[in-house]
Amino acid sequence: MGRLTMLARFLIAALVPLAPAVAHADGDCEQKLTAGDAAVEDYFGYSVSIDGSYAIVGAYGNDDDGGKGGSAYIFRRSGGTWTQQQKLTA
């Protein structure tokens, strides 16, 4: 196995968490984010975007609407605590 393939596998394993954690620049974990309605095979945390005091966390396997249409959870940070604000469904 080539070095590039090994590096790619390592990065994929490191970047696809089971549940996203919001971290400080020094790497210390600030808070683990969880869905208010988490279920097996939702894949919560597969995609994450953070901008200032807001984070959007994707769960492409969420099937609340009958199929696996997915959903996105919006979190807001206030006073150092992240709180789920909204759930968007496909």
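Right above here is the structure, for reference.
The shown structure was predicted, so the numbers you read here are calculated from the model rather than taken from an experiment. (Residues numbered from 1 in each chain as written. Predicted model: local features only at pLDDT ≥ 70, side-chain atom pairs only at ≥ 80, totals over all residues. Heavy atoms only, no water.)

Caption draft 1: Expanded view of the pairing of strand β5 (residues 71-78). Note that strand β4 (residues 54-59) and β5 share six bridges and pair antiparallel. When the bridges of β5 are listed, isoleucine 56 appears paired with isoleucine 74. Bridge count between β5 and strand β6 (residues 81-89): eight bridges; the pairing is antiparallel. Bridge assignment links arginine 76 to a residue of β6, and that residue is threonine 83. (Pairing = 2+ DSSP bridges. Helix = DSSP H or I, 4+ residues; strand = E, 2+ residues; numbered from the N terminus.)

Caption draft 2: Region of the structure containing the environment of aspartate 42. Within the element layout of this structure, aspartate 42 appears in the loop between β2 (29-32) and β3 (44-51). Taking the C-alpha atoms as reference points, aspartate 42 and lysine 68, separated by 26 residues in sequence, lie 8.4 Å from one another. In this structure aspartate 42 touches Asp37, Ala59, Tyr60, Gly61, Asn62 and Asp63, once residues within four positions along its chain are discounted. (Contact = heavy atoms within 4.5 Å.)

Caption draft 3: Examining the sheet that holds β5 more closely. The strand order across the open sheet built from four strands is β3-β4-β5-β6, with neighbouring strands paired in antiparallel fashion. Every other strand in the sheet has two partners, leaving β3 and β6 as the edge strands with one partner each. Strand-to-strand twist in this sheet, taken as the mean axis angle between neighbours without regard to direction, amounts to 25°. (Axes fitted to C-alpha atoms, helices over the stretch in contact; angles between N-to-C directions.)

Caption draft 4: Representation of the nonpolar core in the model. Formed by Leu33, Ala35, Phe44, Ala55, Val57, Ala59, Tyr73, Phe75 and Trp82, the largest nonpolar core amounts to nine residues. Contributions of two or more residues to this core are made by β4 and β5. Of all the elements, β4 adds the most residues to this core, at three residues. Contacts of alanine 59, omitting those with residues within four sequence positions, involve Asp42, Tyr43, Phe44, Gly70, Ser71 and Tyr73. (Core = buried A, V, L, I, M, F, W, Y, C linked by side-chain atoms within 4.5 Å. Buried < 20%, exposed > 50% of the residue type's maximum accessible area, 1.4 Å probe, protein only.)

Caption draft 5: The pattern of salt bridges, seen in detail. In this structure the tally under the stated criterion is one salt bridge. Across the pair aspartate 37 and lysine 87 runs a salt bridge whose closest N-O atoms are separated by 2.6 Å. On the criterion of sequence distance, the pair formed by aspartate 37 in the loop between β2 and β3 and lysine 87 in strand β6 is long-range, its members being 50 residues apart. Taking the relative accessible area as the measure of exposure, aspartate 37 reaches 31% and is therefore partly exposed. For lysine 87, a relative accessible area of 22% puts it in the partly exposed group. (Salt bridge = Lys/Arg side-chain N within 4 Å of Asp/Glu carboxyl O.)

Caption draft 6: The arrangement of the packing of aromatic side chains in detail. Per the stated rule, a full pass over the model turns up four aromatic pairs. An angle of 65° between the planes, with centres 6.3 Å apart, marks the rings of phenylalanine 44 and phenylalanine 75 as edge-to-face. On the criterion of sequence distance, the pair formed by phenylalanine 44 in strand β3 and phenylalanine 75 in strand β5 is long-range, its members being 31 residues apart. Assigned by exposure class, phenylalanine 44 and phenylalanine 75 land together as buried. Ring geometry for tyrosine 46 against tyrosine 60: centres 4.9 Å apart, planes inclined by 75°, an arrangement best described as edge-to-face. Of this pair, tyrosine 46 sits in strand β3 while tyrosine 60 sits in the loop between β4 and β5, and the two are 14 residues apart along the sequence. Taking the relative accessible area as the measure of exposure, tyrosine 60 reaches 44% and is therefore partly exposed. (Phe/Tyr/Trp six-rings, centres within 6.5 Å; stacked < 30°, edge-to-face > 60°.)

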